[in-house]
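Structural description and commentary
So the chains spell out like this:
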2 protein chains.
Amino acid sequence: MILDVAVRLFSAKGFDGTTISEIAEQAGLPKANVYYYFPTKAVIYERLVSEVLADWDIALRRIDAELPPREALFNYVSDKLEFSRVHGEKSRFFAGELLRGGKFLTRRQKRHVQTVTREACAVVQNWVDQGKCNPINPRHLFIMLWSTTQFYADFAPMATTTLEVSQLRRADFAEAANQIIAMLGLWRD
Amino acid sequence: MILDVAVRLFSAKGFDGTTISEIAEQAGLPKANVYYYFPTKAVIYERLVSEVLADWDIALRRIDAELPPREALFNYVSDKLEFSRVHGEKSRFFAGELLRGGKFLTRRQKRHVQTVTREACAVVQNWVDQGKCNPINPRHLFIMLWSTTQFYADFAPMATTTLEVSQLRRADFAEAANQIIAMLGLWRD
DNA sequence: GTCTATATTCCGATAGAC
DNA sequence: GTCTATCGGAATATAGAC
């Protein structure tokens, strides 16, 4: 409960903008009780970083090497968008951490991300080698997929402005998945 | 000078994490002098939001409708990446503002972004109508281009981890531009 | 315009009763 | 484990001399 409240507040106000008092208040506890469970504000934050990294991990491992590239990436992009839609706070929380330089990320965590990314890139490289898609650098492909899928949740004010809607709905995220896959075949020549 | 220091600090530490004392210190002034030029911290922040929006504007208007789509978008993407590379603090500052819900953006500013975006989308829609590229929704295309080009500066810790480099260099940004354009022609079938 | 000193508020963290 | 009360420090903003 404390962690649920915390991720929402951290994502909306950042580390320094979030106070233990407000976390306690929204969790229906006196401030001292929060300190009973967590020694410092930073420890709460670190716990949340670990949680989000685990989610990230699971999504990347799910890319199906057996499917044709278009279907495999459509599934991945759809899952990522759905996660962003349902867990917008988590997505924004992690984006905020990266934006501030990733100071709370341990070397161990970065190495882990590197390993998982490398495996996912190998799958794409195989597709390229087998002539199933045009040659590109898989690392840059994943950067494109991550950034685009997260944009809708992380930078929602710009997404709604661009799409000229008052609020992003389920259908907007579904449309985004289709469009992302379509744009990977933009060129006609 | 105050504004230069402020954008760097805001981008690294966020609104609440940035103190007037530190702005003053890094600008080589006593704290009271900052208050002589700006009544509150929020006013400094708002001035910076306006400045960054002006840059955003200029880049979008520069898309050349006369060029073939591939060249026009390559130029746009290259310019955006170069801006992110050279003015990383501005890029991160604005990303932070959007991440926190865009509370400092006025309705007027949003409407302006909408107008400029609509014009850029019209250029792309013309390409589609003339059969110069495959049919996609231009709004989602710009979301993809914005998010991807900004990722390298905004989420640098993840970009370096993914690319397995210790620091992003000029060449990495140049390579990103080429890869983004290449990935818009990923599908072979 | 520039600076020192300070008022005021609020936050992170703790002490200690129950 | 739960709560009230409070300490120590730091931040925004201002007062007022030069």
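A brief structural summary.

1. Observations regarding the protein's contact with DNA strand D
Within the structure, DNA strand D sits among 13 residues, and Asn 33, Tyr 36 and Tyr 37 of chain A together with Lys 31 and Tyr 35 of chain B are positioned closest to it. At 2.6 Å, a side-chain N or O of Tyr 37 of chain A approaches a phosphate oxygen of DNA strand D. Elements with a minimum of two residues in the surface near DNA strand D: α3 (31–37) of chain A together with α3 (31–37) of chain B. Per element, the largest residue contribution to the surface near DNA strand D is four residues, and it comes from α3 of chain A. Of the residues in the surface near DNA strand D, the class split is seven nonpolar, four polar and two charged.

2. Considerations on the pattern of salt bridges
Applying the stated rule across the entire model yields 16 salt bridges over all chains. As a salt-bridge pair, Glu 164 of chain A and Arg 139 of chain B come within 3.3 Å of each other at their nearest N and O atoms. Of the two residues, Glu 164 of chain A is situated in the loop between α9 (156–163) and α10 (170–183) and Arg 139 of chain B in helix α8 (residues 138–154); the pairing between them involves two chains. A relative accessible area of 31% places Glu 164 of chain A in the partly exposed class. One salt bridge in this structure joins Asp 55 of chain B and Lys 90 of chain B, with 3.1 Å as the shortest N-O distance. Highlighted residues: Asp 55 of chain B in helix α4 (residues 41–61) and Lys 90 of chain B in helix α6 (residues 88–99), separated in sequence by 35 residues. Residue class for Asp 55 of chain B comes out partly exposed when judged on its relative accessible area of 23%. Several salt bridges share partner residues, and in doing so they unite Asp 57, Arg 61 and Glu 119 of chain A into one network.

The rules behind each value
Along each chain, numbering runs from 1 in the same order as the chain's sequence is written. Note on labels: chains are lettered from A, ligands numbered from 1, in written order. In keeping with the predicted nature of the model, local features appear solely for residues at pLDDT of at least 70, side-chain atom pairs appear and are counted solely at 80 or more, and the whole-chain, interface and lining totals rest on all residues. Only heavy atoms go into the side-chain values, all of them from the structure, while hydrogens and water stay out. One heavy atom within 4 Å of a molecule or strand is enough for the residue carrying it to be called near that molecule or strand. Within 3.5 Å is the distance limit for a polar contact, defined as a pair of N or O atoms, with the added protein rule that one can donate a hydrogen and the other accept it, and that residues adjacent in sequence qualify only through two side-chain atoms. Labels follow the DSSP assignment, with helices taken as runs of H or I lasting at least four residues and strands as runs of E lasting at least two, numbered in each case from the N terminus. Charged residues are taken to be Asp, Glu, Lys and Arg, nonpolar residues to be Ala, Val, Leu, Ile, Met, Phe, Trp, Tyr, Cys and Pro, and polar residues to be all remaining types, Gly included. For this analysis, a salt bridge means a side-chain nitrogen from Lys or Arg found within 4 Å of a carboxyl oxygen belonging to Asp or Glu. When accessible area is computed with a 1.4 Å probe and restricted to protein chains, residues below 20% of their type maximum are described as buried, those above 50% as exposed, and intermediate ones as partly exposed.

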